[in-house]
Amino acid sequence: MKKIALIFILLFAFQSYSQEIKSYTWDEKPNFIEIPAEYKDQPAVVLFDKRWIHTRVGAYAYATFGMNHFAIKINKAEEINKYNKIKAQDNGYIRDVRDFHARIIKPNGEIKILPQDKIIETEIDKVKSIVFEGVEAGDILEYYFIIKENPSAYGVEVFQKDIPVLLAEFTHTQDGVKFEIFASSEFNKSTLNSKSISTATNIPPFKEESNACNIKNLVKLIYMVSAPPLDIYKWNYFMPQYLSKPSFQYFKKTQAREFIEKLNIGTESTEEKLVKIDEYIKTNFDFISRGETAKKITNLNNGKQKLTAGDIFDLYGFTLKELKIPYKVVAGMSRFSGEVHTEKFVVPLSHEFMYYIPETKKFLSPYEKYLCYGYPVYEVQGSVGRTYYPALKENYQLTFPIAPADFTVNESQSTVSFSDDLTMATIEKTHSYTGYDGQLNRNWVKYIKENEDEKKLEEYIKKRIFGDDFDIKITNYSFENQEFKYNYTNTPYSVKVNAEARESLTENAGNLVLVNLGKMIGKQANLYQETDRKWDVDLNYAKTFKHKIIFNIPNGYEVESFKDLEIDKKTGGDETKNCSFKSTVKVEGNQLIVEVFEIFNSINYPKEIYQEYRNVINASSDFTKASVVLKPKK
């Protein structure tokens, strides 16, 4: 009898929670939040965005009910088509759309409910949608729908939009599961009648900024659903499981041991061993593509082969363990997307897994085909990750190192000559890359060569070396130091190009001739329009640019002026962390020689010095427009 009573109690609990969400409805006479004066000129304003998720999992229930209730005021007629089409969310798990209601509230308070026959349901996936008709500026569009779907283990709810949101509300209830949320700092959490409610108010419009942590800064809420009592995502449980004995899918451990033996690693230093392991795996193994099926491998040392990403990652770990090289497994995250949680692996966020070698203080990145043993992936630099040390079965924190600006260097030399009538310019240019840019370019060109035609490769070279707004014809090109092995010594990866300018680089001004030499450094970004900044500037990596332009002064001409080519801008403060752009010019015989040095010593520039940073960025763009002035010799 006690068991039967318990079953009835559980069933009643399931029904009470689910019935409440299924019977949800709007107020007959809505009372909306007054729009603040600062948002009066916005094209539209979200009055509220309310979402409720109820998950129930047990012997007699397996479902998630979701409710979305949304109201938006349209202030400008040209924005109507942007917001008048509504579709019930389709995440692939929907079992049923229980309710879908929509109405228009006119400025005078008149309410127009859209009839159900205006709601369209697709035949295959059964997703419902509606288009608001007869909408005018000043109207409020309101709708809500309730869905039933299969439970999801996690989700991301983004509330920020390109227009203001006056109220964001996320409610969750659950039966038989543990429901955790990881919300932006804008949210406040409360509990009401066993409901957990997170609210945020006056969310400003989202503004995407160049070189900013845009995704990380979005106002959003992440949730995870798990079955108690076991919390499989806590780092102290997850990491040991992630590192459990490898169960290779496409080869056996005996083959892995043969692989290690045939690498002929003997008395080398740890550094030399790691380079040898990493170079062989990166050079000879590729990941299987989506839709492909890997083949069973009989010999891991047999040249080019494809494996799953998991098998490649485990092969690294197995090799390190067999060779008794102490290592830690590290979980990091792109600082542009978020931060690694201190206690657990937050599934919806994309993590980067690597091996860290305490002896050498360097990283192995099995999942990054372009990256050699050394620095970690650039996205994690300066952030904090989680590590697990198998030898001691302990978890630690680790701050990822930042590669200095002299690790990644872009260097070019251009020699420019004109025909006697100044109508044709020929260019000989060498462009070299080291560091992250060197490794990325090596990998990209290798991919293009193996998978694309010659035309694609030439287009790639033109864009990288000259920019996509410089009309030139490449007559020939060649590469140097292409092999992956050069990554370990940071040997420059070089492209040599001969080209002809198909556009005129000259402009006549009376008897003077202006020659646009600044264009030789390639297309540069600018911040001419972005006068204000909300977020700090975060760069991919610190780097240095060095450009040299050798201009053969045409016969019969001499230099009148080159002042526009001389620019000097930099940010203040610590010289080891600032950024700067400086160009110098000199005349030697019949040649004008221009040298450019631009450096970004830090990956982060606080928004408080944005105007100084902006001046440096704009200086490089200004330079591309600068000319030397020639005059006829007397």
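Reading the values: rules and limits
For every chain, the first residue of the written sequence is number 1, and numbering continues from 1 along that sequence. Owing to the predicted nature of the model, reporting of local features is limited to residues with pLDDT of at least 70; listing and counting of side-chain atom pairs is limited to 80 or more, with chain, interface and lining totals taken over all residues. Processing note: side-chain calculations cover all non-hydrogen atoms of the structure and skip hydrogens and water entirely. At least two bridges found by DSSP between two strands are what make those strands a pair. Each helix corresponds to a stretch of at least 4 residues labelled H or I by DSSP, and each strand to a stretch of at least 2 residues labelled E; elements are numbered beginning at the N terminus. Note: pLDDT gives the predictor's confidence per residue, expressed from 0 to 100. Residues are treated as being in contact if the distance between any of their heavy atoms lies within 4.5 Å. Residues enter a patch when their relative accessible area is above 30% and they make no salt bridge; the linking distance is 9 Å between like charges and 5 Å between nonpolar side chains (Val, Leu, Ile, Met, Phe, Trp, Tyr). Under the convention used here, a 1.4 Å probe and the Shrake-Rupley method define accessible areas, while residue burial counts only the protein chains that appear. We define a salt bridge as a contact between a side-chain nitrogen of Lys or Arg and a carboxyl oxygen of Asp or Glu at a distance within 4 Å. Pairs of cysteine sulfur atoms within 2.5 Å are what we label disulfides. Each residue gets one of three labels from its accessible area relative to the maximum for its type: buried under 20%, exposed over 50%, partly exposed in between, using a 1.4 Å probe on protein chains only. Only the contacting stretch of a helix is used when fitting its axis, a line to C-alpha atoms as for every element, and angles between N-to-C directions run 0 to 180 degrees. Here is the rule: rings of Phe, Tyr and Trp (six-membered ring for Trp) pair when centre to centre is within 6.5 Å. Planes less than 30 degrees apart are stacked, more than 60 are edge-to-face, and the remainder are tilted.

Chemist: I tried to follow the sheet that holds strand E7 (residues 128-131) on my own but got confused; where do I start?
Modeler: Within a sheet, each strand pairs with its neighbour through backbone hydrogen bonds, oriented either parallel or antiparallel. Ordered by their spatial adjacency, three strands build an open sheet running E3-E7-E6, and the pairing between neighbours is antiparallel. Two strands in the sheet have a free side with no partner beyond their single neighbour: strand E3 (85-87) and strand E6 (120-121). Where E3 lies against E7, three bridges are found, and the strand directions are antiparallel. Considered in E7, the bridge of isoleucine 86 is made with isoleucine 130.

Chemist: How should I be thinking about the confidence of the model for the protein in this particular structure?
Modeler: A low pLDDT means the predicted coordinates there should not be read in detail. With 95% of its residues at a pLDDT of at least 70, the protein reaches an overall mean of 91. Within the model, pLDDT remains below 50 along residues 1-14, and this stretch shows six contacts once partners closer than five positions in the same chain are excluded.

Chemist: Looking at this structure, I do not really get a nonpolar patch on the surface. What am I missing?
Modeler: Residues Leu230, Ile232 and Tyr237 make up a contiguous nonpolar surface patch of about 250 Å² in total accessible area. Tracing the chain through its elements places tyrosine 237 in helix H4 (residues 235-242).

Chemist: Quick question: what am I supposed to make of the state of the cysteines here?
Modeler: A covalent bond between the sulfur atoms of two cysteines is referred to as a disulfide. Evaluation of the coordinates by the stated rule reveals zero disulfides. Of all cysteine sulfurs, the one in cysteine 213 lies closest to cysteine 579, which takes part in no disulfide; the gap is 17 Å. Residue classification places cysteine 579 among the buried residues on the basis of a relative accessible area of 0%.

Chemist: Teacher, can you tell me more about the sheet that holds strand E20 (residues 384-389) here?
Modeler: Pairing is antiparallel in the open sheet, where five strands are placed in the order E19-E18-E17-E20-E21. Two strands close off the open sheet at either side, each with one partner strand: strand E19 (362-364) and strand E21 (394-399). The sheet shows a mean angle of 35° between the axes of neighbouring strands, taken without regard to direction. Here strand E18 (residues 351-357) runs beside E19; their pairing, made up of three bridges, is antiparallel. Across the sheet, the residue bridging to isoleucine 357 is lysine 362, located in E19. Its contacts with the sheet place H4 against strand E17 (328-333), E18, E20 and E21, and it is angled at close to 60° to E20. In the packing of helix H7 (residues 309-322) onto the sheet, the strands contacted are E17, E18 and E19, and the crossing angle to E18 comes to about 20°.

Chemist: Where do I start with the packing of aromatic side chains in this structure?
Modeler: Given two aromatic rings, their pairing is described by the distance between the two centres and the angle made by the two planes. Following the criterion strictly, the structure yields 41 aromatic pairs and no others. Between tyrosine 24 and tyrosine 144 the ring centres are 5.6 Å apart and the planes differ by 75°, which places this aromatic pair in the edge-to-face class. Linking tyrosine 24 in the loop between helix H1 (2-22) and strand E1 (44-58) with tyrosine 144 in strand E8 (residues 140-149), this pair joins segments that are 120 residues apart in sequence. Between phenylalanine 407 and tyrosine 436 the ring centres are 5.6 Å apart and the planes differ by 85°, which places this aromatic pair in the edge-to-face class. Of this pair, phenylalanine 407 sits in the loop between E21 and strand E22 (409-418) while tyrosine 436 is found in helix H8 (residues 435-451), placing the two residues 29 residues apart along the sequence. In this pair, the class of phenylalanine 407 matches that of tyrosine 436, namely buried.

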